[in-house]
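Structural overview
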Amino acid sequence: MALNTSADAPLPVGEVSRLIGGWIDRLGAVWVEGQITQLSRRPGAGVVFLTLRDPSYDISVSVTCYRQVFEAVADVVSEGARVVVLAKPEWYAPRGQLSLRATEIKPVGVGELLARLDQLKKSLASEGLFAADRKKALPFLPQLIGLVCGRASAAERDVLENARHRWPAVRFEVRNVPVQGVHAVPQVVQAVKELDALDTVDVIIVARGGGSVEDLLPFSDEQLVRAVAACRTPVVSAIGHEPDNPLLDFVADLRASTPTDAAKKVVPDVGEEYERVRFLRDRARRSVQSFIDREERGLAHALARPSIEDPHRMVDERADQVTALLDRGRRTLGHLLDRADSELTHTHARVVALSPAATLQRGYAVLQKADGHVVRDPDEVAAGEALRARVAEGEFTVRVDA
């Protein structure tokens, strides 16, 4: 219930603490899961103190239990173990401290962990976080590689040494973080986000050596998986060994079986690239040389043709034919002209022989009336009629005698 307070009528600290305790006392017992980070078992003491932490959200709470409650699981529970406890929240008014009073503790077995991880995997997959079309391609030659790994770890050494051996000029931006335990998840998430925010980082490698299922749990945390899914920079997962498959492997843009394999997949080998360049250069040279040789053979074959080797030969051969045809044409035309001339001469002779002029040359005359009609019959003229007489050398007028 809300309290009526003001600056003039405040509540004492003790009253506030008492009220908080009353509210908490009304809460029932709850099952709580977490990881034990501190464990205190004082000899002879009847109470065991421990701290239960949520590794995903970096939140801890104190837990107390009677010794007989803890003794039931003492052989399988230690610091770092994940447990489920049945506890009732309690408020210690003098210090204003919240704690849990545990009445039952159960260790979380590997089978239970794997079942929960499988359920989380299915849930994240249904959201599309593992879809292949979301994965980004890695750059061919990254100039700056972000590396998230344990400090002075074998994974860090494997990635750095193998990458620099393959391409000596490669540079790294390293973030050393805890890779197991209660502080692993928030620090790994923070390191990934820091590297993703750098525009100069081309690819991010998250690396860790092998370990048990419990050791690799931080890399199956939902918070880390979602942080990697939101990255704009390609992320490579290199966690554990080949059989290990934390959920980070499924959301990452590339999964490497080991940290060494990550270095090989992210950084090209300078020797292999040099050999590839040399091979492609030789292949290109052979292709060009083959093309030139083929064209030279084609050109030599073309030049060997008679029409190219002696181009005037065809002209000379055709010139003889043209000359022969020209002579033939001239002879044919000459014969035609001679024949036509002969025919014309004969025709002219016949025309001359049959022409009236030739008759007049033999002494004949042609009489024509005034209207130009030729007189053919004596009855056509009358006595005293004037006629025109036409002879070979001219004409003159005559008159008909009665």
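Residues numbered from 1 in each chain as written. Predicted model: local features only at pLDDT ≥ 70, side-chain atom pairs only at ≥ 80, totals over all residues. Heavy atoms only, no water.

Focus: the overall build of the chain
Tallying secondary structure elements over the chain gives 12 helices and 13 strands in all. For the chain, the C-alpha radius of gyration of 62 Å lies well beyond 21 Å, the compact-globule estimate for 402 residues. With the C-alpha coordinates aligned to their principal axes, the bounding extent of the chain is approximately 200 × 65 × 40 Å. Counting every position in the chain, which comprises 402 residues, the buried fraction comes to 30%. Taking as baseline every contact in the chain between residues at least 6 positions apart, the subset at least 24 positions apart corresponds to 60%. Entry remark: accessible area of the chain is about 25,200 Å², with carbon and sulfur atoms responsible for 55%. Each charge class in the chain was averaged separately, 52 positive and 57 negative side chains, and the resulting centres sit 4 Å apart. (Helix = DSSP H or I, 4+ residues; strand = E, 2+ residues; numbered from the N terminus. Rg over C-alpha atoms; globule rule 2.2 N^0.38 Å. Buried < 20%, exposed > 50% of the residue type's maximum accessible area, 1.4 Å probe, protein only. Contact = heavy atoms within 4.5 Å. Areas by Shrake-Rupley, 256 points an atom, 1.4 Å probe, with all protein chains shown as cover. Lys, Arg positive; Asp, Glu negative; His and termini not counted. Charge placed at Lys NZ, Arg CZ, Asp CG, Glu CD.)

What about the packing of aromatic side chains?
When we look at a pair of aromatic rings, we describe it by the centre distance and by the angle of the planes. Counted by the stated rule, this structure contains one aromatic pair. Residues Phe130 and Phe250 carry aromatic rings whose centres are separated by 5.7 Å and whose planes lie at 35° to one another, so their mutual orientation is tilted. With Phe130 in the loop between α3 (110–126) and β6 (144–149) and Phe250 in helix α7 (residues 247–251), this residue pair connects regions lying 120 residues apart in the sequence. Among the residues examined, Phe130 registers a relative accessible area of 15% and is labelled buried. Its end group placed over the ring of Tyr66, Arg101 keeps NZ or CZ at 5.2 Å from the ring centre. (Phe/Tyr/Trp six-rings, centres within 6.5 Å; stacked < 30°, edge-to-face > 60°. Lys NZ or Arg CZ within 6 Å of the ring centre and 35° of its normal.)

With respect to the layout of surface pockets
By volume, the largest pocket amounts to about 740 Å³. Broken down by secondary-structure element, the contributors of at least two residues to the lining of the largest pocket are β1 (30–40), α3 and α6 (222–229). The dominant element in the lining of the largest pocket, judged by the number of residues it contributes, is α3, at five residues. A class-by-class count of the residues in the lining of the largest pocket yields 12 nonpolar, 10 polar and nine charged. (1 Å grid on protein atoms, 1.4 Å probe; cavity = no way out; pocket = protein on both sides within 12 Å on 5 of 7 lines; lining within 4 Å. Points joined across faces, edges and corners; volume = space filled by probe spheres on them. Nonpolar A, V, L, I, M, F, W, Y, C, P; charged D, E, K, R; others polar.)

Some points on the sheet that holds strand β10 (residues 254–255)
A sheet is described by the order of its strands in space; here five strands give the open sequence β7-β6-β8-β9-β10, paired in parallel fashion. Each of the sheet's edge strands pairs with one partner strand only, and the pair in question is β7 (171–176) and β10. Across two bridges, the pairing between strand β9 (residues 235–239) and β10 is parallel. Counterpart to Val236 in the pairing with β10 is Leu254. Of the strands in this sheet, β6, β7 and β8 (203–208) touch helix α5 (residues 184–197), which is tilted by about 175° from β6. Strands in contact with helix α8 (residues 259–266) are β6, β8, β9 and β10; relative to β8, the strand with the most contacts, it is inclined by about 165°. (Pairing = 2+ DSSP bridges. Axes fitted to C-alpha atoms, helices over the stretch in contact; angles between N-to-C directions.)

Comments concerning the packing of α5 against α6
Two numbers describe how α5 lies on α6: the axes approach to 9 Å, and their chain directions differ by 5°. Here α5 lies roughly parallel to α6, going by the angle between them. Along the contact surface, α5 presents Val185, Val188, Val189 and Lys193, while α6 presents Gln223, Leu224 and Ala227. Tallied by class, residues from the contact of α5 with α6 come to five nonpolar, one polar and one charged. (Parallel < 35°, antiparallel > 145°, perpendicular 65-115°, else oblique.)

Overview of a negative patch on the surface
Together, Glu309, Asp310, Asp316 and Asp320 give the surface a local cluster of negative charge. Among the structural elements, Asp316 can be located in helix α11 (residues 311–354). (Patch = residues over 30% accessible without salt bridge, like charges linked within 9 Å, V, L, I, M, F, W, Y side chains within 5 Å. Salt bridge = Lys/Arg side-chain N within 4 Å of Asp/Glu carboxyl O.)

A look at the pattern of salt bridges
Going through the model one piece at a time under the given rule, you end up with 20 salt bridges. The residue Arg232 makes a salt bridge to Asp199 at a minimum N-O spacing of 2.8 Å. Of this pair, Arg232 sits in the loop between α6 and β9 while Asp199 is found in the loop between α5 and β8, placing the two residues 33 residues apart along the sequence. Assessed through its relative accessible area of 66%, Asp199 is described here as exposed. Residue Asp261 pairs with Lys265 through a salt bridge whose shortest N-O separation is 3.2 Å.

Structural notes on the state of the cysteines
Counted according to the given criterion, the structure contains zero disulfides. Of all cysteine sulfurs, the one in Cys149 lies closest to Cys231, which takes part in no disulfide; the gap is 16 Å. Assessed through its relative accessible area of 7%, Cys231 is described here as buried. (Disulfide = S-S within 2.5 Å.)

Topic: a nonpolar patch on the surface
Together, Leu3, Leu11, Val16 and Trp23 make up an exposed nonpolar region whose accessible area comes to about 320 Å². The topology assignment puts Val16 in helix α1 (residues 13–25). For Val16, a relative accessible area of 35% puts it in the partly exposed group.

As for α1
In a regular helix each residue adds 1.5 Å, so 13 residues correspond to 18 Å; α1 covers 18 Å between its end C-alpha atoms and thus fits that length. Where α1 is buried, its residues touch β4 (82–92) and β5 (97–107). (Expected span 1.5 Å × (residues − 1).)

Here's the deal with the side chain of Thr233
Looking at the secondary structure, you find Thr233 in the loop between α6 and β9. Classification of Thr233 by relative accessible area gives buried; the value is 3%. Of the polar contacts made by the side chain of Thr233, one reaches the side chain of Asp196; its length is 2.8 Å. Apart from the residues within four sequence positions on either side, Thr233 is in contact with Lys136, Asp196, Val201, Asp202, Val203, Ile204 and Asp253. (Polar contact = N/O pair within 3.5 Å; in protein donor to acceptor, adjacent residues only side chain to side chain.)

Here's the deal with the packing of helix α4 (residues 154–166) against α8
Between α4 and α8, the shortest axis-to-axis distance is 8 Å and the interhelical angle comes to 30°. In terms of their interaxial angle, α4 and α8 are classed as roughly parallel. Here α4 runs over α8; the crossing is right-handed. On the side of α4, the interface is formed by Ala155, Asp158, Val159, Asn162, Ala163 and Arg166, while α8 contributes Pro259, Thr260, Ala263 and Lys264. (Left-handed = near helix turned anticlockwise from the far one by under 90°.)

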